[in-house]
Amino acid sequence: MLFCVAQDPEIRLRDVAEAVGITERAVQRIVTELEESGYITRHRSGRRNLYVVHKNLPLRHRIEAHRQVSDLIALVVPEVTSRASSSSSPASSS
């Protein structure tokens, strides 16, 4: 779920449910939990939502708490991390 949002911040929950293989209702519950925990922020953009993943937060389980969300995303969706770092580099802003 988190990987889908990290890849496409404007993804519809219906599309996440289809990609992950769970119900849309389950996705809504997960999004609410992630939002309440501070891992994502949901912004309204017209009729759609825009999701921001807070990658600097530690993972929730105590065994992985020494790692950040960005570490996990980089393992599964490496292009998201490289895209974010290249867009924040000084060379890309000129």
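You'll find the structure just up there.
Chains are numbered independently. Their residues run from 1 in the order of the written sequence. Whole-chain, interface and lining totals are the exception, using all residues; otherwise, since this is a predicted model, local features are given only for residues with pLDDT of at least 70 and side-chain atom pairs are given and counted only at 80 or more. Side-chain numbers here rest on the full set of heavy atoms in the structure, without hydrogens or water.

J.: So what about the side chain of Asn49? Which residues, and what values?
T.: Counting from the N terminus, the helices are the DSSP runs of H or I reaching at least four residues and the strands are the DSSP runs of E reaching at least two. Mapped onto the secondary structure, Asn49 falls in strand β2 (residues 48-53). Within 3.5 Å is the distance limit for a polar contact, defined as a pair of N or O atoms, with the added protein rule that one can donate a hydrogen and the other accept it, and that residues adjacent in sequence qualify only through two side-chain atoms. Engagement of the side chain of Asn49 in a polar contact is seen with the side chain of Arg44, the distance being 3.2 Å. Here the side chain of Asn49 touches Tyr51 through a polar contact of 3.4 Å, side chain to side chain. Here, residues are in contact when the closest pair of their heavy atoms is within 4.5 Å. Apart from the residues lying within four places of it in its own chain, the contact partners of Asn49 are Pro9, Glu10, Arg42, His43 and Arg44.

J.: Mind laying out helix α4 (residues 69-76), listing which residues take part and the relevant values?
T.: The classification of residues rests on relative accessible area computed with a 1.4 Å probe and restricted to protein chains. Under 20% of the type maximum is buried, over 50% is exposed, and intermediate values are partly exposed. Of all the residues in α4, the buried ones are Val69, Ser70 and Ile73. End-on view of α4: buried residues confined to an arc of 95 degrees, all on one side of the axis. Each direction from the helix axis to a C-beta atom contributes to the arc, which is the arc of those directions.

J.: Explain a nonpolar patch on the surface residue by residue, including any values.
T.: Every patch collects residues that have over 30% relative accessible area and no salt bridge, joining them within 9 Å if they carry like charges and within 5 Å if they are nonpolar side chains (Val, Leu, Ile, Met, Phe, Trp, Tyr). Computed by Shrake-Rupley with a 1.4 Å probe, the accessible areas treat only the displayed protein chains as cover when residues are assessed. When a carboxyl oxygen of Asp or Glu lies within 4 Å of a side-chain nitrogen of Lys or Arg, that pair is called a salt bridge. Together, Leu72, Leu75 and Val76 give the surface a local cluster of nonpolar side chains, amounting to about 290 Å² of exposed area. Relative to the helices and strands, Leu75 resides in helix α4. Residue Leu75 is classed as exposed on the basis of its relative accessible area, which comes to 72%.

J.: Describe in detail the pairing of β2, supporting the description with residues and values.
T.: Within a regular strand, the side chains alternate between the two sheet faces. Of the two faces of β2, only the one carrying Asn49, Tyr51 and Val53 is buried; Arg48, Leu50 and Val52 on the other face are not. Pairing between two strands is assigned when DSSP locates at least 2 bridges connecting them. In this structure, strand β1 (residues 40-45) lies alongside β2, joined through 6 bridges in antiparallel fashion. Bridge pairing links Arg44 to Asn49 in β2. Counting the residues between successive antiparallel strands, the hairpin from β1 to β2 contains 2 residues, one of them, Gly46, with a positive phi of roughly 70 degrees.

Bear in mind that shape data such as this cannot, by itself, settle questions of function.
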